[in-house]
Amino acid sequence: MLCNQAIEEEFIMKKRKSLAARITAARAATPRTALALTAAVLAAAMAVTGCSGTGRTETEPESQTEITAGPAVNRPESPKQSLGSQSGEGPAAYVDDFYDAVNHDTLESWEIPAEQADMSWFRKAREDNYSKVNDLIRQASSEAGQTLQEAGSDLYNIRALNLTGLDRETRDREGYGRTAGAFLKEIDSADSVNGLLKACLQFQRNTGLFSLMGWYYEGDSEDSSVKVLYLSQPDSGLRREVWFSEDASNQKRVEEYKKYLTKLHENNGLSPEEAGATAARVTDMMKELASSTLKIEEVYDAEKTYNVCTAGEAASLYSGALPFSLLNSIFGIQEGEKTVVSQPDACRKLGSYLKEENLPLLKEYVKTCLYSDLSMMTDTASLAAAQEYQTAAGGIEKKKDFERTVSETVQEKLGFQCGRVFCETYFNEDAKQDVASIICQIIDVYDNRLAHMEWMTESTRQEARKKLKAITVKVGYPDQWPQDKYSLVLKSPDEGGVYIDNIMEILKASQDYSFKTRHDPVDRNEWGMTPQTVNAYYNPGNNEIVFPAGILQAPFYDPEAEPVANLGGIGAVIGHEITHAFDTSGSQYDEKGNLRDWWTAQDKQRFRELAQKVIDYYDTMEVNGIQVNGTLSVTENIADLGGVSCITEIAKEKGYDLKELYHAYGVIWATKYRDEYLSYIMTNDTHSPGITRVNAVLSATDDFYTALGVKEGDGMYRRPEDRPHIW
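Residues numbered from 1 in each chain as written. Predicted model: local features only at pLDDT ≥ 70, side-chain atom pairs only at ≥ 80, totals over all residues. Heavy atoms only, no water.

## Some words on the overall build of the protein chain
No. 1: Counting secondary structure elements, the protein chain contains 29 helices and 14 strands.
No. 2: By element, 46% of the accessible surface of the protein chain is carried by carbon and sulfur atoms, the whole surface being about 24600 Å². (Helix = DSSP H or I, 4+ residues; strand = E, 2+ residues; numbered from the N terminus. Areas by Shrake-Rupley, 256 points an atom, 1.4 Å probe, with all protein chains shown as cover.)

This is the structure:
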């Protein structure tokens, strides 16, 4: 993934396991799964901006805010190795701080919007796309726009969801609505752990939302053509990296999170004292659950996450507390069915809680997770609590206005419906062809580089080239729209529609389709990002690179720009995504998207040594006094290095000015953001900060030295033996 668009607040509804949700959540994602990192999930992790990982482990309020390309930062302080000028007076010299020299005036002119955590070209492009889609939503919701809307059509459902979202009075009156409201009553009435598990599993089957455990079907990493059952770990509220962080900003996030959960319980009838005590008990449990989860970087290691067993064996992880009959009756799961458990230790930890004496705590925990998952979509008091948490934890000055929270939810929950209308209105088909031709150029050059890769033996080289040639390219929008695969008819206010009930209908339609097709072959035409998304990704399970329509705009791509500018922009993005096929994670998958070791022992060892050199190189970097985690960001750093290396070769072949190429590359990562947010992503994002993505990458690029005349003593200088090279 190009940038960490899902990680900004990680308020993605964590339990929905559609490909799109897992990738854009991505990056919350973003980020997170106990199960085998399926190739589709890895795709999330391998996006241009910031690979988000496999699933959110955070019970935080859902947010539609997406962060972008590994944010470039405010100027670094006291770096172990200088990544930027330390004076605030004017731009640095190109040879001392290329990032600042290229972006100084832009960063000085930018103000971070009061309701946002950062400002970047990704942010600006996303704001532009948000406004375009929002205008379309408003038009569809108007009286004039309602004319000739067919029930269940894209515009019909967009209108219904938007108008019910804007209906404050009904939202406050209906609260959690029919489906979620009934689930809350079942939680309260459960008189045993078995009864609670039954209610939770049935709710997950109907909506895809879970807290204790999640069962779902996805492509099998060993055979990407078929689907297999996966078991997901319990919700730990916040990531382990946040719960156990010594960083002041992360510790503040924990305290604000506790206040947020306390407020949700107050909103649901508890006194301030009772609510505080409940939140304390639940967060203690969440923190203990988090202690058994994998580190973020471990989630990308298939050796740690692809743990195969039978469904019966997976159920036994819970210390005998989970009757297999529940799985069979609710999901139709068979005891001998192949199952992948990515984080068995976290499941075992939950098993230690599944005792009758813990039933009151378990009920509090499940309700807390639900309150948080739905806080942005139920009553306005819960929405306010979610926004207060977002602003306090992220150092944001102002909460978003009510209409925007609704529009962002519509754009996320009906992402492909909005995407089709967006593409019909705004997408330039000529851009699709132009970018496809750039991709072909880069693949050809990459193949030539593989053919002459000195450290690789012939058998591994042949496998690598075979994989490269088999990469599927997707640009713009899907050939088949996912909403056409099943029926969905939402209700507007004049039809008695309720916002939360409409959202539950969206989730149920997706879940029903998922279970109906669980024995069908994997649909390789699926997209993991909506077309209006400003990002891109590589999906190892499909061995594909995907470039949504949303990113095909300046400064990443401009049909009127000089070819060298597009090469430094979208070309670097393309090279980045292709390199993900050969980073420390993607390299574990073959040309068919199967988890297979196609390396000789000698080459694998050499590759690991080269990857370690990348880790060591980035470990020497600091941004604003915070050390870059080279292990956490290694996949993205390898992708950045490979992408720039590839476009450099193309530029040289075509006789382009390398200074112009590197200038275009440096521009796309210009970003500034709030200190709290920077601290958070430095420990939770697999992408390096933008200043690192520019200066560290170019300092490792030999041709940069010749092009800019960099010499020893300059800020951008690194000794030749310290410059990491792989692809």
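## Some points on the side chain of Ser-699
No. 1: Note on placement: Ser-699 falls in helix H28 (residues 690-699).
No. 2: Classification of Ser-699 by relative accessible area gives buried; the value is 1%.
No. 3: A distance of 2.7 Å separates a polar atom in the side chain of Ser-699 from the backbone oxygen of Met-716.
No. 4: Not counting chain neighbours up to four residues away, the residues in contact with Ser-699 comprise Tyr-617, Tyr-705, Met-716, Arg-718 and Arg-723. (Buried < 20%, exposed > 50% of the residue type's maximum accessible area, 1.4 Å probe, protein only. Polar contact = N/O pair within 3.5 Å; in protein donor to acceptor, adjacent residues only side chain to side chain. Contact = heavy atoms within 4.5 Å.)

## Details of unusual backbone geometry
No. 1: Omega for the peptide link from Ala-554 to Pro-555 comes to 5°, which places this bond in the cis form.
No. 2: Along the chain, Pro-555 falls in the loop between strand S11 (544-548) and helix H23 (563-580).
No. 3: Even without glycine at this site, Ser-319 takes up a positive phi of about 55°.
No. 4: For Ser-319, the position within the fold is in the loop between helix H13 (311-315) and helix H14 (324-331).
No. 5: In this structure, Asn-624 is a non-glycine residue whose phi angle is positive, near 50°.
No. 6: When you line up the elements, Asn-624 lands in the loop between strand S12 (622-623) and strand S13 (626-627).

## Describing the pattern of salt bridges
No. 1: Inspection of every chain in the model, using the stated rule, returns 42 salt bridges.
No. 2: Residue Glu-463 pairs with Arg-596 through a salt bridge whose shortest N-O separation is 3.1 Å. Of this pair, Glu-463 sits in helix H21 (residues 458-470) while Arg-596 sits in the loop between H23 and helix H24 (601-619), and the two are 133 residues apart along the sequence.
No. 3: Counted as one network, the salt bridges with shared partners bring together Glu-463, Lys-466, Asp-590, Glu-591 and Arg-596. (Salt bridge = Lys/Arg side-chain N within 4 Å of Asp/Glu carboxyl O.)

## A short note on the pairing of strand S8 (residues 338-341)
No. 1: Alignment of strand S6 (residues 227-232) against S8, held across three bridges, turns out to be parallel. Within S8, the residue paired with Leu-229 across the bridge is Thr-339. (Pairing = 2+ DSSP bridges.)

## Things to note about the nonpolar core
No. 1: If you look at the biggest cluster of nonpolar residues, it comprises 200 residues, and the most contacted ones within it are Trp-215, Leu-322 and Trp-727.
No. 2: The element that contributes the greatest number of residues to this core is helix H20 (residues 429-451), accounting for nine residues.
No. 3: Listed in part, the eight residues of the second largest apolar core include Val-228, Ala-302, Tyr-306 and Tyr-589. (Core = buried A, V, L, I, M, F, W, Y, C linked by side-chain atoms within 4.5 Å.)

## Observations concerning the side chain of Arg-126
No. 1: Looking at the element boundaries, Arg-126 is found in helix H4 (residues 121-141).
No. 2: In terms of polar contacts, Arg-126 uses its side chain to reach the backbone carbonyl oxygen of Val-534, at 2.6 Å.

## Overview of the packing of H24 against helix H25 (residues 634-654)
Describing two packed helices takes the angle between their axes plus the distance from one axis to the other.
No. 1: Between H24 and H25, the shortest axis-to-axis distance is 10 Å and the interhelical angle comes to 100°. Between H24 and H25, the angle falls in the class roughly perpendicular. Of the residues in H25, those in contact with Ala-611, Val-614, Ile-615 and Tyr-618 of H24 are Val-634, Asn-637, Ile-638 and Leu-641.
No. 2: Grouping the amino acids of the contact of H24 with H25 by side-chain chemistry returns seven nonpolar, one polar and no charged. (Axes fitted to C-alpha atoms, helices over the stretch in contact; angles between N-to-C directions. Parallel < 35°, antiparallel > 145°, perpendicular 65-115°, else oblique. Nonpolar A, V, L, I, M, F, W, Y, C, P; charged D, E, K, R; others polar.)

## A look at the environment of Tyr-257
No. 1: Looking at where Tyr-257 falls in the secondary structure, it is placed in helix H10 (residues 248-267).
No. 2: We classify Tyr-257 as buried; its relative accessible area is 0%.
No. 3: Along the sequence, Tyr-257 and Leu-238 sit 19 residues apart, while their C-alpha atoms lie 8.5 Å from each other.

## Describing the sheet that holds strand S7 (residues 308-310)
No. 1: Here we have four strands laid out as an open sheet, ordered S5-S6-S8-S7, and mixed in their pairing. The open sheet has two edge strands with one neighbour each: strand S5 (214-219) and S7. In this sheet, adjacent strand axes meet at a mean angle of 40° when their direction is disregarded.
No. 2: Looking at chain direction, S7 and S8 are connected through three bridges and run antiparallel. Counted as the bridge partner of Cys-309 is Thr-339 from S8.

## Some remarks on the confidence of the model for the protein chain
No. 1: With 88% of its residues at a pLDDT of 70 or more, the protein chain shows a mean pLDDT of 89.
No. 2: Confidence drops under a pLDDT of 50 for residues 62-88, and excluding neighbours within four residues, the segment shows 143 contacts in the predicted structure. (pLDDT = per-residue confidence, 0-100.)

## Some words on the packing of aromatic side chains
No. 1: In the structure shown here, the tally under the stated rule is 35 aromatic pairs.
No. 2: Measuring from centroid to centroid gives 6.1 Å for Trp-455 and Trp-599, while their planes differ by 10°, and the two rings are stacked. With a gap of 144 residues between them, Trp-455 in the loop between H20 and H21 and Trp-599 in the loop between H23 and H24 connect regions that are remote in the sequence.
No. 3: For Trp-455, a relative accessible area of 16% corresponds to the buried category.
No. 4: In this structure, Lys-467 is placed above the aromatic ring of Phe-582, and the distance from its NZ or CZ to the ring centre is 5.6 Å. (Phe/Tyr/Trp six-rings, centres within 6.5 Å; stacked < 30°, edge-to-face > 60°. Lys NZ or Arg CZ within 6 Å of the ring centre and 35° of its normal.)

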